[in-house]
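Coordinate analysis (summary)
Below, each chain spelled out in residue letters.
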Amino acid sequence: MAAITLTDVTKIYRGEIAAVRNITLDVPDGAFCVLVGPTGCGKSTLLRLIAGAEELTSGLIEIGDAARQSWSGGRADVAELIDASALDPSRNVYDSLTRGLRSRGLPKKEIEERALRAADTLALGSLLARKVGRASSGERSLLALGRAFAHQPRALLFDEPFAGLDPARRITMRRELRRLQRTSRTTTLYATHDHEDGLALADLLVVLDEGRVLQAGRPAEIYAAPVTAAVASLVGHSAMNLLPVRANQTGLSLEDGTHLGGASVMTTAVFATLGVRPEHLFAVTPGWEGPAPAATLPMMVDEVEHAGAVVIVHGSVGPHRVVARLAAAPQVPADGRLRLGALREHLHMFDAQSGARL
Ligand SMILES: Nc1ncnc2c1ncn2[C@@H]1O[C@H](COP(=O)(O)OP(=O)(O)OP(=O)(O)O)[C@@H](O)[C@H]1O
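The numbers attached to residues start from 1 for each chain and follow its sequence in the written order. Confidence filtering applies because this is a predicted model: local features only for residues at pLDDT of at least 70, side-chain atom pairs given and counted only at 80 or more, and all residues used for totals across whole chains, interfaces and linings. Neither water nor hydrogens contribute to the side-chain values; these are computed over all heavy atoms in the structure.

In the nomenclature of an unreviewed UniProt entry, the chain corresponds to ABC transporter ATP-binding protein from the organism Hansschlegelia plantiphila. Among the UniProt annotations of the chain, the heading Sequence similarities (unreviewed entry) holds the following wording: "Belongs to the ABC transporter superfamily." UniProt positions are given in the numbering used here, feature names are shortened, and annotations may be inferred rather than shown by experiment.

Listed below in structure tokens is the structure:
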């Protein structure tokens, strides 16, 4: 297998659209790297550059001992870009699984062995004679995975591979992919909008925006200490609540003067952005006996949504929208006012101007 090293990689389309800007990144051999970021942040372009399907504007891409400074065409045995929607619907599943192997001229017996092993692992054995066009979208996603791992390239590149699947199927496929990747130790890059995918799958999580890397590291580190307010809003089960505050020794207050507590949070007076994740808020109801909150948000509740194991409460704190994910439905008084608390270790402070973590 192979490590992937990007040095100062830039892609500018038509001389003006900077899709990828000066990206330097090391993906260790055998790692599962997830690229997350909003639409248009450059995820697909980066994968296509690594696959050799796009010409680099500048920089260097190394995959093991194969390096690319200018475009010379991708080599599927080096880095293969997997796309379930690109499967030919008129082929049968077996043909589809083996196509890339045949074009590489591998011996017939090895092709058969690899294909049957992949079909067996993914429970596709009973579908081998079926036309791809007659397979369900979940089966096609499995087939795309099977092809990817049967080919055994040095690196695998996935671009939103499970985008069309229902949530339950998505989670199963995600687990399947992670299992196959762990077994084969194939260096994998996986692009997604879904930050939960990133948190669940990645050894290395890379947060992109506007063609740049905002932060790269272990998912748990990025979740616990996002380097900027922008990263905080891009990584988590849902976006972090961000509130502009004035902070000093006496605590945190909103621009309308509402005091939020937080006396020991900042020692110097600053204009800042307070960040707190929805899942880190709790309802401080009368008779509350849990830990004392370091800061409290007086919320005017406008919607309580029951979402299975959690309850999602929507409302506003001053003029700002706030969301809380609570373990149980809170008792909201008739006036709609609910005090939400957060512990010190769950309060994130960012510079109001630059967004940098304070
Ligand atoms: N062939 C192209 N020609 C011109 N501009 C392009 C081309 N491909 C992508 N872009 C632009 O480059 C930027 C990055 O696009 P890219 O598709 O890489 O983003 P993305 O993060 O994968 O988005 P999405 O999540 O929507 O797939 C966008 O502004 C896009 O419009």
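What follows is about the site of the ligand. Neighbouring the ligand are 14 residues; Gly40, Gly42, Lys43, Ser44 and Thr45 lie closest to it. Numbering of helices and strands runs from the N terminus, with a helix taken as a DSSP run of H or I at least four residues long and a strand as a DSSP run of E at least two residues long. For the shell around the ligand, the secondary structure elements donating two or more residues are strand 2 (17-27) and helix 1 (43-51). When residues in the shell around the ligand are grouped by element, the largest group, four residues, is from helix 1. Counted by class, the shell around the ligand contains five nonpolar, six polar and three charged residues. Put simply, a residue is near a molecule or strand once any heavy atom of it comes within 4 Å of that molecule or strand. Following the grouping adopted for this structure description, the nonpolar residues are Ala, Val, Leu, Ile, Met, Phe, Trp, Tyr, Cys and Pro, the charged ones are Asp, Glu, Lys and Arg, and the polar ones are all others, Gly among them.

On to the nonpolar core, then. In this text, buried Ala, Val, Leu, Ile, Met, Phe, Trp, Tyr and Cys residues form a nonpolar core when linked through side-chain atoms within 4.5 Å. Type-normalised accessible area, obtained with a 1.4 Å probe on protein chains alone, sets the label of each residue: buried when under 20%, exposed when over 50%, and partly exposed for intermediate values. Core analysis: the largest hydrophobic core is formed by 40 residues, its most contacted members being Val34, Leu145, Phe149, Phe158, Leu177, Tyr190 and Val235. Going through the elements one at a time, strand 3 (32-36), helix 2 (93-103), helix 3 (108-121), helix 4 (137-151), strand 7 (155-159), helix 5 (167-184), strand 9 (204-209) and helix 8 (229-234) are the ones with two or more residues in this core. Of all the elements, helix 4 adds the most residues to this core, at seven residues. Contact criterion: two residues are considered in contact whenever any of their non-hydrogen atoms come within 4.5 Å of each other. When residues no more than four places from it in sequence are discounted, the contact partners of Leu177 are Phe32, Leu145, Phe149, Phe158, Phe162 and Tyr190. Judged by nonpolar contacts, the second largest core, of 29 residues, contains Val27, Ala51, Leu189 and Val206.

On to the sheet that holds strand 18 (residues 337-342), then. Paired strands, in this sense, are two strands between which DSSP finds at least two bridges. The sheet built from five strands is open, its strands ordered 14-18-15-16-17 with antiparallel pairing. Only two strands of the sheet have a single neighbouring strand rather than two, namely strand 14 (282-283) and strand 17 (320-326). Inspection of the sheet shows strand 16 (residues 310-317) paired to strand 17 by seven bridges, in the antiparallel sense. Following the sheet pairing, Ile312 is matched in strand 17 by Arg325.

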